[in-house]
Amino acid sequence: MKKKRFSRWIEFLIEALIRTLGFSTIGFVLLIFLFLLREGVPLFFEVPLGNLFSTRWYPTFDLFGTLPLILGSLLVTVTAIAIALPLGVATAVFVREAAPSWAREVLKPMIEVLAGIPSVVLGFFGMTLVAPFVRETLGVPTGLTAFTGALLLAYMALPTIISVAEDALDAVPKSYRDAGLAMGATQWQTIWRVVVPAARSGIVTAVMLGLGRAIGETMAVMMVTGNAARMPVTLDSIFRPARTMTATVAAEMGEVAQGSVHYHALFGIGIILFLLTFAINLAAAATIFKKRRRGGLR
Amino acid sequence: MINLPSLFSRSAPDRPGVWRAGPRRNLWLFCQLTISLVLLVAGCACQPSSSPDGDSNAAQTIENKGSDTLVNLALRWAEVYMEEHPDVRLSVTGGGSGTGIAAMINGTVDIANASRAMKQEEIEAAEANGITPVEFTVARDAIVVVVYEWNPVAQLTLQQISDIYTGKITNWSEVGGEDRPIVLLSRESNSGTHVYFLENVIRLGDKESDLLFSPDTLLMPSSEGISAEVRQNPNAIGYDGLGYVTPDQKMIAVAADADSDYVLPSIDTVNAGTYPISRPLYMYTAGEPTGQVKAYMDWILDEGQASVAELGFVPLK
């Protein structure tokens, strides 16, 4: 009897502790967001909007045009996803549907190991090997381009996309495949016309998560994109240098005077980045909930 | 690995019996919230208290403040000097040449670091305060323009370099090289070298000028970034402090204008004043230095010069 009461007390204590820690986590996230707002919002009062959305970023001379940075980030990220999406989905389909089971046993952990490579290592690899390769094979003036950055980002987003897409394919009931095959469809037709469409929302989520990973990546991007804050408006922009928002914050944070307009500008970029990532995650969450309502499929 | 359902799932509804609804539960919730808030606030409030002023019973502290260009060199000197003379304390801060000189005029620092000479009005302000500033040239800073090792271009005028970096000249053939596009490399805009290059090369020292680096300029986070690209890209042009240039990059001989001689940067040409992109770095003391300050200044001008080249600057001898 006594022992039972004691263990209930312990249980109660542990629950209380976990709850407290849970609330603290939410509190920390809120505080970070408030801090971001406090440091970044003054920018929108200190710098006229015309300057803020102009095409020249040169903070030393009070030019705070964020457009080249936003477009630079978008260019690199979208290109990365355009590369990673077909590769990732194809790999997931192969691993889940086509590979023999021994190959699957080997491939899955290997893909997960890919996710563990530190981005600075990839950046160094990109700077010394990928950039010269891009310059020589494509004949562009410099190998430090948005495309080089996109290649590395695609490589980084791939493990996420493959794993999540593979989980989504895994969730498609076996009866769907059986029904397809029983109707006389080949294996390829079953995969392409039945299984992949059934897992569509999971694949969309995979892409969204990969996108979130790519847009927030800093170190590797800073090392290989050349960081030139030019407007990527011409067709060849993808093979020219670009400057992303994350690289700008990372490169300029160290030397900026606290409380200056430039300091607020970097936090302002942080807010823009936060909003973008938030929108992406929200879109991913929305597709998941939609999937739930429809009973796990479509 | 990423587990999808757990990423976005809403929390499961409470199992009955685990938490009884009612005032007691709310009280506990409230307590837990309060505790977490207190933890948070405590975490925020515990900022490190500012370090106390130097021990009053220790030996004299030499205050040293000013140029951000010089601050790393000044720190290195202070470290080495304090190791050799444990009885001396040195405190080095940056903030810019103007800040350092103003502090010296106000008598709050013993030595001001400056990457430019004192202006006439600063000297007058100092004299009005009863201080005669004494100037010491402690090192020189030379900026070298570098290109790919086998680039046939060997010499440029300052005007040509300016035109290249503002985007007026975009092909090596316009300055006597091969038909190749020019890839511009620069340090990040917060580096002292970037600002010096902008003011004295791109703007050619003209204070009225509002020329800027071309938006196509690649801003590299480090000296290593520049040298890595210059080493392997035949299109590249970059610049850096003389001490940072490695032998596998080609240094460009620079002429101040079309009528002057082209001069290759070296410790000799910089000290002779013939290489055009260089500047002396100064330290100023309030009046002729005495005691510890004099000993320190003498040490900088003599043994301290050994540290100069390690940080990319040009020693005086």
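Residues numbered from 1 in each chain as written. Chains lettered and ligands numbered in written order. Predicted model: local features only at pLDDT ≥ 70, side-chain atom pairs only at ≥ 80, totals over all residues. Heavy atoms only, no water.

Describing the domain arrangement of chain B
Residue and element names in this part refer to chain B. For clarity, the cut-off: What counts as a domain boundary in this text is fixed by an automatic or database domain assignment. A 1.4 Å probe defines the accessible area here, and the buried area is the portion of it lost by two parts on being joined, summed over both. Pairs of N or O atoms within 3.5 Å make up the polar contacts considered here, provided that, within protein, one atom can donate a hydrogen while the other can accept it, and that residues adjacent in sequence are counted only when both atoms are side-chain atoms. For this classification, the nonpolar set comprises Ala, Val, Leu, Ile, Met, Phe, Trp, Tyr, Cys and Pro, the charged set comprises Asp, Glu, Lys and Arg, and every other residue, Gly included, is treated as polar.
As assigned here, chain B comprises domain 1 (60-140 + 280-311) and domain 2 (141-278). Using C-alpha coordinates to define each centre, domain 1 is positioned 30 Å away from domain 2. Buried surface at the junction of domain 1 and domain 2, summed over both partners, amounts to about 510 Å²; 49% is from carbon and sulfur atoms. Among the residues domain 1 hides against domain 2, the three largest losses belong to Thr69, Arg140 and Leu311. Together they make up 75% of the total. Where domain 1 packs against domain 2, one counts 1 residue pair in polar contact (both at pLDDT 80 or more). Counted by class, the side of domain 1 that touches domain 2 contains 4 nonpolar, 1 polar and 1 charged residues.

So, empty space enclosed by the protein
Under the convention used in this document: Put plainly, a pocket is an open set of points on a 1 Å grid over the protein atoms alone with protein on both sides within 12 Å along at least five of seven lines, a cavity is a set where a 1.4 Å probe fits but cannot get out, and a lining residue has an atom within 4 Å of a point. Grid points are joined across faces, edges and corners, and a volume is the space filled by probe spheres set on the points.
If you walk through the whole model with that rule in mind, you get 5 cavities of 30 Å³ or more. In this structure, the largest cavity spans a volume of roughly 130 Å³. Around the largest cavity, the lining is made up of 14 residues, and of these Arg56, Trp57, Tyr58 and Ala229 of chain A together with Leu219 of chain B lie nearest the centre. When the residues that make up the lining of the largest cavity are grouped by side-chain class, the tally is 7 nonpolar, 4 polar and 3 charged.

Topic: the pairing of strand S6 (residues 183-187) of chain B
Residues and elements named next belong to chain B. Condition: Here the term buried applies to any residue with accessible area under 20% of the maximum for its type, exposed to any over 50%, and partly exposed to those in between, with areas from a 1.4 Å probe on protein chains only. Numbering of helices and strands starts at the N terminus; helices are DSSP runs of H or I of at least 4 residues and strands are runs of E of at least 2. Paired strands, as defined in this entry, are two strands with at least two bridges between them according to DSSP.
Counting buried positions over the 5 residues of S6 gives 5, a clear majority of the element. With burial as the criterion, each face of S6 is covered, one bearing Val183, Leu185 and Arg187 and the other bearing Leu184 and Ser186. For S6 and strand S8 (residues 236-241), the ladder comprises 2 bridges, and the chain directions are parallel. Across the sheet, residue Val183 finds its bridge partner in S8, namely Ala236. Two strands pair when backbone bridges link them, and S6 and strand S7 (residues 218-220) are joined in this way by 3 bridges, in the parallel orientation.

Structural notes on the packing of helix H3 (residues 71-84) of chain B against helix H10 (residues 291-301) of chain B
All names here are of chain B. Filter applied, for reference: Axis lines are fitted to C-alpha atoms, over the contacting stretch for helices. Their N-to-C directions set the angle, which ranges from 0 to 180 degrees. Any angle from 65 to 115 degrees is called roughly perpendicular, while one under 35 is roughly parallel, one over 145 is roughly antiparallel, and all others are oblique. Two helices crossing with the near one rotated counterclockwise from the far one by less than a right angle form a left-handed crossing, whereas a clockwise rotation gives a right-handed crossing. Residue contacts are defined here by distance: any two heavy atoms, one from each residue, within 4.5 Å place the two residues in contact.
Relative orientation of the contacting elements H3 and H10 amounts to 115°, with a least axis distance of 11 Å. The pairing of H3 with H10 is recorded here as roughly perpendicular in orientation. Handedness of the H3/H10 crossing: right-handed. Residues Ala74, Trp77, Ala78, Val80, Tyr81 and Glu84 of H3 form the contact with H10, whose participating residues are Gln292, Ala295, Tyr296, Trp299 and Ile300. Residue classes in the contact of H3 with H10 are distributed as 9 nonpolar, 1 polar and 1 charged.

Here's the deal with the packing of helix H6 (residues 119-138) of chain A against helix H7 (residues 146-170) of chain A
Residues and elements named next belong to chain A. In contact at an axis separation of 9 Å, H6 and H7 are set at 135° when each is read in the N-to-C sense. The angle between H6 and H7 falls in the class oblique. Both H6 and H7 take part in a crossing whose hand is right-handed. The residues of H7 that touch H6, namely those facing Ser119, Leu122, Gly123, Gly126, Val130, Ala131, Val134 and Leu138, are Phe147, Thr148, Leu151, Leu152, Tyr155 and Met156. Partitioned by chemical class, the residues of the contact of H6 with H7 number 10 nonpolar, 4 polar and no charged.

Observations concerning the packing of aromatic side chains
All names here are of chain A. Heads up, the condition is: Centres within 6.5 Å make a pair out of two Phe, Tyr or Trp rings, where for Trp the six-membered ring is used; the pair is then stacked when the planes are under 30 degrees apart, edge-to-face when over 60, and tilted otherwise.
Tallying each qualifying case throughout the model produces 18 aromatic pairs over all chains. Consider the rings of Phe35 and Phe267, whose centres lie 5.5 Å apart with planes at 85°: the pair is edge-to-face. Note that Phe35 is positioned in helix H1 (residues 2-40) and Phe267 in helix H13 (residues 261-293), a separation of 232 residues in sequence. Overall, the relative accessible area of 38% leaves Phe35 in the partly exposed class. Owing to a relative accessible area of 14%, Phe267 belongs among the buried residues under this scheme.

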